[in-house]
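Per-entry structural report
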Amino acid sequence: MPFCPIAVLGEALVDEFHDGPVAGGAPFNVARSLAAVGAPALFISRIGVDDDNGRLVLDSARAYGLDSAGVQRDPRHATGRVSVHEGAGGHRFEIHGDAAWDHIDAAAALPHLTEAAPAWLYFGSLAQREPQSRSALRALAKPFTGTRFLDLNLRAGAETRLLAAESLMLADWVKVNDEELAQLAGWFDAAAPDDAGRASALMARFALQRLVLTCGARGWRFYAPGGVLLAQGAGVIQPHMVDTVGAGDAFTALLLAGLSLGRDLTATLALANRYASFICGVRGPLPAEPLALQPWRTALHALPTSA
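Reference entry: report on the structure contained in this document.

Thresholds, definitions, all that
Residues numbered from 1 in each chain as written. Predicted model: local features only at pLDDT ≥ 70, side-chain atom pairs only at ≥ 80, totals over all residues. Heavy atoms only, no water. Buried < 20%, exposed > 50% of the residue type's maximum accessible area, 1.4 Å probe, protein only. Helix = DSSP H or I, 4+ residues; strand = E, 2+ residues; numbered from the N terminus. Contact = heavy atoms within 4.5 Å. Axes fitted to C-alpha atoms, helices over the stretch in contact; angles between N-to-C directions. Parallel < 35°, antiparallel > 145°, perpendicular 65-115°, else oblique. Left-handed = near helix turned anticlockwise from the far one by under 90°. Nonpolar A, V, L, I, M, F, W, Y, C, P; charged D, E, K, R; others polar. Salt bridge = Lys/Arg side-chain N within 4 Å of Asp/Glu carboxyl O.

Looking at helix α5 (residues 160–170), one finds that the buried residues are T160, L163, A164, A165, S167, L168 and L170. Packed against the buried residues of α5 are β8 (120–124), α4 (131–141), β9 (147–151), β10 (173–177), α6 (178–187) and α7 (195–206).

Further remarks concern the packing of helix α3 (residues 106–116) against α4. Between α3 and α4, whose axes approach to 10 Å, the crossing angle comes to 30°. In terms of orientation, α3 and α4 fall into the roughly parallel class. Considering how the two elements wind past one another, α3 and α4 form a crossing that is right-handed. Along its contact with α3, which presents A106, A109, L110 and L113, the element α4 presents A136, A139 and L140. Of the residues assigned to the contact of α3 with α4, the class counts are seven nonpolar, no polar and no charged.

With that settled, the discussion passes to the pattern of salt bridges. Taken as a whole, this structure holds 14 salt bridges when the rule is applied. Across the pair R221 and D195 runs a salt bridge, and its minimum N-O distance is 2.8 Å. Taken together, the positions of R221 in strand β12 (residues 220–224) and D195 in helix α7 put the pair 26 residues apart, joining distant regions of the chain. By the burial criterion, R221 is buried, and D195 matches it.

A few words on the environment of F93. Inspection of the secondary structure puts F93 in strand β7 (residues 90–95). Given a relative accessible area of 31%, F93 falls into the partly exposed group. When the C-alpha atoms of F93 and W173 are compared, they prove to be 26 Å apart, with 80 residues separating the residues in sequence.

As C-alpha cells, then:
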C-alpha cells in the first residue's frame, strides 16, 4: 500500500432517503472526498460480509478512488443503516443499532495504520457509541504520534457529555459548529460572551492546539489557544440548495487535504468553505458522479504552498 498521509477512522453506512439509498457516514464521506481530490486516505471501518449495503459502500469507495484495504468484513453484523426522515424543518436521522461499524477490530486495523504511517488521524464521536469500536478507536488513537483531528458530531444520549470529554482529551485539533461549541461551553464551564472566549476556555481545558468553528451561512473561524483568531471567512450562498447532508464533512475533507499537501492554510480554509457550499447543491454527501469533483482537485493542487 502506498504511503498515506491521512488515516480516517469510523463508520461506513448507508443513508436511506425516500428516493433510494446513498452510501454515507461522516468518516466515509471525508475519506472519499480526500481520495477524489488527490490526498490519499487510509479508511478504517467495518461492514457486513455479504449484504447489499456493504456492496454499495465498496462500490462507492471504488468509484471515488478510495482504497478499501482497511475496511473490515463482519460475519455477524450487517452494514450500518440510517433512515433519513425528511421534512420542511430539515432532516432527522434514525441511526440503527448494532451495526458492523460498532465492532471495529483494533488488532486488524493496526497493521494497516503502521504500514501507512499517516501524519494525521481523523476520528469522530459517533463511531464510539458502542464499547468495542470505542475501545478500538482509543487503542489506535492514544499511541498515535501524528496530529489527531476530532470532528465532533454531538447527538442526544446519556453518555454524550462524557464521550465528548474523552474525545476532546484525545484530540490535538477539533472542528465544531456553532451549536456544538455552545453545548460544549455549557458542559465544561467554558461560558463566555463570544465564540472566541468559549473557544479559548475549551482549548485551555483540553490542551487543544487548534479549533475550527463553522457557522453555516455566517462562515467559519480558525482559533489558536487563548482565543486568538488566526483566520476567518464569510459564508458562501448555494443558489440551488438541495440539502446540507455532508456539508461539514466536505469542509473537513478539504481542510485535511490542504494540510496533508502542505498548502497555505488560510487559502485551504476558504476553499473548504466553498466546497461545503457546493455539496449543499447535490443530493446526499457527495455528487453521484465522481468526475464532478475534478475542479476541486484542480483548485486544491493550485493553492499556494504554506510559508
